[in-house]
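Examining the three-dimensional arrangement
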Amino acid sequence: PTSAQVSVAPHSGRFCYTLDNDLLTTEQRQFYEDNGYLLIKNLVSDEDIERFRKEFTRICRREVKPPGVMIMKDESLRSQFGQTEKVVNKVQDFQEDEELFRYCTLPEVLKYVECFTGPNIMAMHTMLINKLPDSDKQTFLHPMHQDLHYFPFRPASRIVCAWTAMERAHQDNGCLVVQPGTHKTALKPHGYPEWEGKTNKLFHGLLDEDEKIPKVHLVMEKGDTVFFHPLLIHGSGINRTSGFRKSISCHFASSECHYIDVKNTTQEHLEKELQDMVSKKYNATSVDLKDIWNFRARLVQGQRINL
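Residues numbered from 1 in each chain as written. Predicted model: local features only at pLDDT ≥ 70, side-chain atom pairs only at ≥ 80, totals over all residues. Heavy atoms only, no water.

An unreviewed UniProt entry annotates the chain as Phytanoyl-CoA dioxygenase, peroxisomal of Prunella fulvescens. Listed under Pathway (unreviewed entry) in UniProt, the entry text for the chain is "Lipid metabolism; fatty acid metabolism." Regarding the chain, the relevant UniProt record gives this comment under Sequence similarities (unreviewed entry): "Belongs to the PhyH family." (UniProt positions renumbered as here; feature names shortened; annotations may be inferred.)

Written out as structure tokens, the structure is:
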């Protein structure tokens, strides 16, 4: 079910992107080193996923209103479906919702995260994605991108995303698409793709995508979890089915990571866009990018050092 086959190179004897641990096999570590992602089957229980699904529905209906949460909708559908999950594409920054935030504290997830970040773990960025049926407009096609574009902290190798399928994800409903090995490249310039009338706020993509790099479609069953590097180029296709493709994810980082100044970098325009959004939402006159991330970040294991 993939559009490219990934080969595992011989063991190099030196690991850059994983830390010594008793959990990952040498083959798993080498696969992540070479490809920038690692898929673990059946990691999150059906019971937990159903609890996350119920809480998502409650947020959509506004039965609960977690502070700081950003609810992204297709406004064109609101008149037809009202305040339901059929309108909401994404619930972002759910760090203050204790039920959804349980995902970031699951021991079965954190034991893998620690292999990439070390023992002091911050949950930095949280999302529950509800990819809407979208065969006509392509509104929720997420262009190929690198997540590090959004993050003003480093080093990149101590950041990892955990992304769990809440139901079967496949090519028809817009599964994740990755370009193996691209985590070894630098952060590239991002911006809004030139799809007139078809872009969502903050859905930035690579300005210069190399179409020759092979792509792999990550077909995943409910509960499967993929861990991937923030420089790995990835995206997702459109959902051509009549159902909704849900996933829950968190970007974790070592609390020993440090904030950087993004002025005069390719991330500078993103900083301004985020500041404008937060200023508008909270009626604030001056917002620092570091403050935005301090608000999002929560310690989930060990000590809070820098972040």
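We are not done yet, so read on.
Attention now moves to the overall build of the chain. Helix and strand counts for the chain come out as seven helices and 16 strands. Burial status across the chain gives 56% buried among its 307 residues. Here the analysis covers contacts within the chain between residues at least 6 apart in sequence; of these, 82% occur between residues at least 24 apart. Total accessible area on the chain stands at roughly 13,800 Å², and carbon and sulfur atoms take up 49% of it. (Helix = DSSP H or I, 4+ residues; strand = E, 2+ residues; numbered from the N terminus. Buried < 20%, exposed > 50% of the residue type's maximum accessible area, 1.4 Å probe, protein only. Contact = heavy atoms within 4.5 Å. Areas by Shrake-Rupley, 256 points an atom, 1.4 Å probe, with all protein chains shown as cover.)

Quick look at the packing of helix α2 (residues 46-60) against helix α4 (residues 98-105) now. It is the contact of α2 with α4, at a shortest axis distance of 9 Å, that shows an interaxial angle of 145°. The way α2 lies across α4 gives a crossing that is left-handed. Mapping the contact onto sequence places Asp48, Arg51, Phe52, Glu55 and Ile59 in α2 and Glu99, Leu100, Arg102 and Tyr103 in α4. Residues belonging to the contact of α2 with α4 are distributed by class as follows: four nonpolar, no polar and five charged. (Axes fitted to C-alpha atoms, helices over the stretch in contact; angles between N-to-C directions. Left-handed = near helix turned anticlockwise from the far one by under 90°. Nonpolar A, V, L, I, M, F, W, Y, C, P; charged D, E, K, R; others polar.)

Further remarks concern the pattern of salt bridges. Tallying each qualifying case throughout the model produces 16 salt bridges. Residue glutamate 167 pairs with arginine 53 through a salt bridge whose shortest N-O separation is 3.5 Å. One end of the pair, glutamate 167, is in the loop between β7 (159-165) and β8 (176-178); the other, arginine 53, is in helix α2, and 114 residues separate them in sequence. Comparing glutamate 167 with arginine 53 shows no difference in burial state: the two are buried. Beyond isolated ion pairs, a larger network of salt bridges with shared partners links Asp48, Arg51, Glu99 and Arg102. (Salt bridge = Lys/Arg side-chain N within 4 Å of Asp/Glu carboxyl O.)

As a further point, take the state of the cysteines. Evaluation of the coordinates by the stated rule reveals zero disulfides. No disulfide involves cysteine 104; its nearest neighbouring cysteine sulfur is the one of cysteine 250, lying 3.6 Å away. Assessed through its relative accessible area of 0%, cysteine 104 is described here as buried. (Disulfide = S-S within 2.5 Å.)

To continue, consider the packing of aromatic side chains. Under the criterion given, the structure shown has nine aromatic pairs. Between tyrosine 112 and phenylalanine 227, the ring centres sit 5.5 Å apart and the planes meet at 25°, which makes this aromatic pair stacked. Remark: phenylalanine 227 occurs in strand β12 (residues 225-228) and tyrosine 112 occurs in helix α5 (residues 107-117); sequence separation between them is 115 residues. Both residues of the pair, tyrosine 112 and phenylalanine 227, belong to the buried class. Plain terms: the ring middles of phenylalanine 153 and tryptophan 293 are 5.3 Å apart, the flat faces sit at 75° to each other, and that makes the pair edge-to-face. Taken together, the positions of phenylalanine 153 in strand β6 (residues 153-154) and tryptophan 293 in helix α7 (residues 289-296) put the pair 140 residues apart, joining distant regions of the chain. The residues phenylalanine 153 and tryptophan 293 share a single accessibility class, namely buried. A network of ring pairs unites the aromatic residues Tyr32, Tyr112, Phe116 and Phe227 as a single cluster. The ring of tryptophan 293 has arginine 296 lying over it, and the distance from NZ or CZ to the ring centre is 4.5 Å. (Phe/Tyr/Trp six-rings, centres within 6.5 Å; stacked < 30°, edge-to-face > 60°. Lys NZ or Arg CZ within 6 Å of the ring centre and 35° of its normal.)

Right, let's talk about the nonpolar core for a bit. Among the nonpolar cores identified, the biggest contains 52 residues, and Tyr37, Val91, Tyr103, Cys104, Val109, Phe227 and Phe252 are the most heavily contacted of them. Broken down by element, the residue count for this core peaks at six residues, all from α5. Among all residues touching tyrosine 103, those that are not within four sequence positions of it are Val44, Phe52, Val109, Ala162, Trp163, Thr164, Thr225, Ile248, Ser249 and Cys250. The next biggest cluster of nonpolar side chains, apart from the first, holds 22 residues, and it includes Ile159, Leu270, Val278 and Ala297. (Core = buried A, V, L, I, M, F, W, Y, C linked by side-chain atoms within 4.5 Å.)

Here we come to the pairing of strand β3 (residues 88-92). Along β3, five of the five residues are buried, which leaves the element largely enclosed by surrounding structure. By the bridge criterion, three bridges tie β3 to strand β4 (residues 121-131) in an arrangement that is antiparallel. What sits directly across from lysine 90, in β4, is isoleucine 129. (Pairing = 2+ DSSP bridges.)

Okay, the packing of helix α6 (residues 268-282) against α7 next. Where α6 contacts α7, the axes come no closer than 10 Å and their chain directions differ by 65°. As judged from the angle between their axes, α6 and α7 are roughly perpendicular. The two elements α6 and α7 meet at a crossing, and its hand is left-handed. Contact with α6, carried on its side by Glu271, Leu274, Gln275, Val278 and Tyr282, involves Leu289, Ile292, Phe295 and Arg296 of α7 and no other residues of that element. Here the residues of the contact of α6 with α7 are counted per class, giving six nonpolar, one polar and two charged. (Parallel < 35°, antiparallel > 145°, perpendicular 65-115°, else oblique.)

Here we come to the sheet that holds strand β11 (residues 216-217). In space, the four strands of this open sheet follow the order β5-β13-β8-β11, with antiparallel pairing throughout. Edge strands, defined here as strands with exactly one partner in the open sheet, are β5 (142-145) and β11. Bridge analysis of β8 against strand β13 (residues 234-236) gives three bridges, and the strand direction is antiparallel. Its bridge partner being in β13, leucine 176 is matched across the sheet by serine 236.

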